[in-house]
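As a plain string of letters, each chain reads:
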Amino acid sequence: MAFLQDPPQLPHPYRSDRTLLALLDRALPAGRRAALDADLDALGDYALMARQRAGATTRRKPVLTPWDAWGQRVDRIELTPAWQEGAALTTRHAVLAAGHADSEHARLEEFARVYLYHLASEFYTCPLAMTDGAATALKASGNRALIERALPHFLSREAATFWLSGQWMTENVGGSDVGDTETQARQDAAGQWRLYGRKWFSSAVVGEAALALARPEGAGHGGAALALFYVETMDGARRRPELVIDRLKDKLGTQELPTAEIHLHGLPAWPLGELAHGVRQVAPMLNITRTWNAVCAVASMARAIALARDFAERRRAFGRPLVEQPLHAQTLANLQAQFEGAFALAFEVAHLLGRVEHGMAASHDAALLRLLTPLAKLWTGKLAVRICSEAIECFGGAGYIEDTGLPQLLRDAQVYPIWEGTTNVLSLDSLRALAGDGLDALRSACAGWLDGNDDLHAASAVRQTLDAAARWLDQHAAARDTLEAGARGLAFTLARCAAAALLARQATWSGRHGDRRPAAALRRFVGHGLDRLVTPDADDTALLLG
Ligand code: MFK
């Protein structure tokens, strides 16, 4: 019998994830920690089941049937099994409801669930993220009628009453620059607002509601003239006729997610607040979905590394398992250190969000959250692609073969840097956050996280790099073009400093509990350098593009 390679096995995503376990043990009071265990265990079991099912069945994509046999417009979308299970599973484990519970730890507990569920969900987490964002934006709007109407559905613990919400912003003309939105809002004779236009990327078209940006009739140009509206998509069991699904997108990855192009032909709509400043009103939603993006990006990293680690023990080459090959072990250890940094930052944003929402944060924590949210999104998004690419290389040719399931990790990961704002858009957003007291907040937070850690080299690297970032900002404050051209380098630098300081905090705690691995992750992470500052030469840029 010819040689057959053992395929990689996925260890239990919850019980074997020491990074997640250590975070929860450190950050949560014992009672809350224990109460969380059953949900996380069950979501880990579901992830194992989903992986086995994916390996044993042919991969499917959602299918849109626009018309029935008799010419009736139906816009029916058939979903994959994981999508059909989404509402029941997530309401049973209170994924969204947990995040809106009355506790400073609510968001951390929510995002621990998200992290475990994400890959098994086949990106059902995308509309979940938007539903979470819609709930948060509605609360921020203070619109009592809409809150009472929609929140019981968005945060329901029963599948039968659960509603998904979309986030309808992107248009053909207005992608990143949503200020160019063409969708119009007009009042009919009865005073009801109705939306007319085309939305170009609607990822929750199977949902029951959405928040949509539109320009009230007669309003001026630009973002400040947009308004934010709440819409419902269903009339009982039927999709409303004023919402037409033109087609589903054919995407590089996230193929189980039915992303649609839609037309709105007078869909009834209700403004959340004033009929202007829609971008400002939708910002709480963006910041929530960006947090989901970061946590889901680290979930992809965790999966890719777990499979590559397992395979390294099964696969032998040159007379020994891959894990005993020094260069392969070095590659895996580097991935692990980068992942632990990204994990620490994404989950700090989640925890901080809960503390800020519940008034439990220190004075500068709101500014810190405002800065760390885009930093976490942009840095983890990019890193997920790099880590998934390196991890599938660890399988050699097998990593390139579709039915191993490995290429999908990389194709799906490529969405993280793109949606919810590209790396560049988020880098520019971090400049918005730095215009306030974001940098002071970050410096003081890093000092706190480093406190008590005995890795003096790491502490001094963080401090020196933050000093260099502050000098860079001062130096270029008046030169907007240079500031923007260097914004990505600045953002990566700040993200890496925050991650290193957070790794130090975890290493201090874990060291006290006899675990030296987070300290090793810190050393390795800092060893890869924190400073990514660049001052691009504008003349060279012009020459290179000439
Ligand atoms: C599985 C993972 C889950 C992920 C789910 C993904 C679902 C994906 C579905 C999608 O919809 S993807 C498409 C998402 N699209 C974007 O994210 C848009 C990207 N573009 C931006 O983010 C631009 O920066 C932005 C549209 C916000 C720029 O618009 P403007 O109008 O040029 O911004 P401007 O004038 O600077 O800001 C308007 C107001 O919003 C300002 O407040 P004021 O009016 O009080 O001055 C800003 O401070 C505020 N603002 C902007 N961004 C903010 C914010 N406030 C808080 N946080 C922010 N992030």
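Right above here is the structure, for reference.
1. As for the overall build of the protein chain
From N to C terminus, the protein chain includes 18 helices and 13 strands. Computed over C-alpha atoms, the radius of gyration of the protein chain comes to 24 Å, within 12% of the 24 Å expected from 2.2 N^0.38 for 546 residues, which places it in the range of a compact globule. Referenced to the eigenvectors of the C-alpha coordinate spread, the extents of the protein chain come out at roughly 75 × 70 × 60 Å. Counting only residues that meet the buried cut, the protein chain has 56% of its 546 residues in that class. In the protein chain, once contacts between residues fewer than 6 apart in sequence are set aside, the share between residues at least 24 apart is 75%. When the accessible area of the protein chain is evaluated, it comes to approximately 23,200 Å², of which 53% is carbon and sulfur surface. The averaged location of the 62 negative side-chain charges in the protein chain is 3 Å from the averaged location of its 58 positive side-chain charges.

2. Some words on the site of the ligand
Around the ligand, the structure places 26 residues, and the nearest of them are Ser176, Arg280, Asn287, Arg290 and Arg432. A distance of 2.9 Å separates an oxygen atom of the ligand from a polar side-chain atom of Arg280. In the environment of the ligand, an oxygen atom lies 3.4 Å from a nitrogen or oxygen atom belonging to the backbone of Glu420. For the ligand, whose free accessible area comes to 1,200 Å², the fraction covered by protein is 77%. Those elements giving two or more residues to the shell around the ligand turn out to be α6 (125-141), α8 (278-314) and α12 (423-434). Ranked by the residues each element gives to the shell around the ligand, the list is headed by α8, at 9 residues. For the shell around the ligand, a count of residues per class yields 11 nonpolar, 9 polar and 6 charged.

3. Quick notes on unusual backbone geometry
Not every positive phi belongs to a glycine, and Glu122 is a case in point at roughly 55 degrees. Tracing the backbone through its elements, the reader meets Glu122 in the loop between α5 (106-117) and α6. Within the chain, Phe318 stands out as a residue other than glycine whose phi angle is a positive 50 degrees. By the secondary structure assignment, Phe318 is in the loop between β12 (316-317) and β13 (320-321). Looking at Phe318, the relative accessible area reads 81%, which means it is exposed.

Parameters at a glance
- Residues numbered from 1 in each chain as written.
- Predicted model: local features only at pLDDT ≥ 70, side-chain atom pairs only at ≥ 80, totals over all residues.
- Heavy atoms only, no water.
- Helix = DSSP H or I, 4+ residues; strand = E, 2+ residues; numbered from the N terminus.
- Rg over C-alpha atoms; globule rule 2.2 N^0.38 Å.
- Buried < 20%, exposed > 50% of the residue type's maximum accessible area, 1.4 Å probe, protein only.
- Contact = heavy atoms within 4.5 Å.
- Areas by Shrake-Rupley, 256 points an atom, 1.4 Å probe, with all protein chains shown as cover.
- Lys, Arg positive; Asp, Glu negative; His and termini not counted.
- Charge placed at Lys NZ, Arg CZ, Asp CG, Glu CD.
- Near = heavy atom within 4 Å.
- Polar contact = N/O pair within 3.5 Å; in protein donor to acceptor, adjacent residues only side chain to side chain.
- Nonpolar A, V, L, I, M, F, W, Y, C, P; charged D, E, K, R; others polar.

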